[in-house]
Amino acid sequence: MTTDFDHAADIVRRFDKDRYLSALLAPEAHRSGLMALYAFSAEIARIRELVSEPLPGEMRLQWWRDLLEGTEHGAAASNPVANALLQTIERYKLPKKGLVAMTEARVFDLYNDQMPSLNDLEGYAGETVSGMIQLACFVLNGGKDPETATAAGHAGVAYALTGLMRALPWHASRRQMYLPKDVCERHNLDVETVFRGETTPELGAVLSELRGHVRHHLSRVQQAAGSVPPECDNAFLPLVLVEPFLKKLEAPQHDPLKQVVELSQLRRQWLLWRASGRALSRI
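For the structure given in this document, a descriptive report is provided here.

Reading the values: the criteria
Residues numbered from 1 in each chain as written. Predicted model: local features only at pLDDT ≥ 70, side-chain atom pairs only at ≥ 80, totals over all residues. Heavy atoms only, no water. Axes fitted to C-alpha atoms, helices over the stretch in contact; angles between N-to-C directions. Helix = DSSP H or I, 4+ residues; strand = E, 2+ residues; numbered from the N terminus. Left-handed = near helix turned anticlockwise from the far one by under 90°. Contact = heavy atoms within 4.5 Å. Nonpolar A, V, L, I, M, F, W, Y, C, P; charged D, E, K, R; others polar. Polar contact = N/O pair within 3.5 Å; in protein donor to acceptor, adjacent residues only side chain to side chain. Expected span 1.5 Å × (residues − 1). Buried < 20%, exposed > 50% of the residue type's maximum accessible area, 1.4 Å probe, protein only. Patch = residues over 30% accessible without salt bridge, like charges linked within 9 Å, V, L, I, M, F, W, Y side chains within 5 Å. Areas by Shrake-Rupley, 256 points an atom, 1.4 Å probe, with all protein chains shown as cover. Salt bridge = Lys/Arg side-chain N within 4 Å of Asp/Glu carboxyl O.

**Looking at the packing of helix H5 (residues 54–68) against helix H6 (residues 80–92)**
Next up, step 1: Axis separation between H5 and H6 bottoms out at 11 Å; the angle between their running directions is 35°. Handedness of the H5/H6 crossing: right-handed. Only Val81, Ala82, Leu85, Leu86 and Ile89 of H6 make contact with H5, whose side of the interface consists of Trp63, Trp64, Leu67 and Leu68.
Next up, step 2: Looking at side-chain class alone, the contact of H5 with H6 contains nine nonpolar, no polar and no charged residues.

**Let's talk about the environment of Asn79**
Next up, step 1: As for its position among the elements, Asn79 is in the loop between H5 and H6.
Next up, step 2: As a C-alpha pair, Asn79 and Asp4 span 75 residues in sequence and 8.2 Å in three-dimensional space.
Next up, step 3: Residue contacts for Asn79: discarding those within four places in its chain leaves Trp63 and Trp64.
Next up, step 4: Among the polar contacts listed, one links the side chain of Asn79 to the backbone nitrogen of Val81, at a separation of 3.1 Å.
Next up, step 5: Only 3.0 Å separates the side chain of Asn79 from the backbone nitrogen of Ala82, close enough to count as a polar contact.

**Notes on helix H9 (residues 149–166)**
Next up, step 1: Under the 1.5 Å per step criterion, the end-to-end length of H9 is 26 Å for 18 residues, consistent within 8% with the ideal 26 Å.
Next up, step 2: Most of H9 sits inside the fold, with 14 of its 18 residues counted as buried.

**Comments concerning a nonpolar patch on the surface**
Next up, step 1: A grouping of Leu25, Trp270 and Trp273 is seen on the molecular surface, where their side chains present a nonpolar patch of about 350 Å² in accessible area.
Next up, step 2: Looking at the secondary structure, you find Trp273 in helix H15 (residues 265–275).

Interpretation in functional terms is not warranted from these geometric data alone.
See below:
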């Protein structure tokens, strides 16, 4: 019989392949908890694709907030991801504040406002990705505080910014702008050229600065690696894909508005498998 956790794992497999593959390499005892967390993340991340305008999206995010804050939901019993998440929260005594913050940050995805600043972008990455890495560390550490907030914070920013640069063609096609306004202004980038699909030297300069920012955060993860319990290594495993993605993003022949950078499935699996159990030394 298919369980709520099986359904959660299937969501992760379909919509977040890197986390799915990393969770398969985690200790079996904690694998289902990771899948529940990652399925929740995938569900709220793809809400914009499921709605035609922002208001229904905000209502879906509010549903998750109400669930996490204890408001009764008649439909909760029929939502396998919600059930798996609630069971995981109870089993590991997870702090709900971070999960609520993720739903609040995802409101930005529903609109076409430009990200105001690099500081705001880091905050968004921290709420949506760093928070998930920190909660995964709680799970892998058996529900005890892993004291990994610093490493998780930098890791989430590096991973999120890389993902947003990879998704630039997709976001630009629907006039979403995650490139921070202050960085764009510093390099005289007219965002309308991005929406028109025009790859300019100004865009190249913006992306180069962001790649440098990613590498800065990777170095900070390495500096904090000594404070991360070995049991939590798997939470950082997807980070080993960041540098290979960055190298593809900065290749001379790459067009950042027409090509979504990918790694072959075989190479992803090999990189993750090779780094399993020692991800922080492979970043």
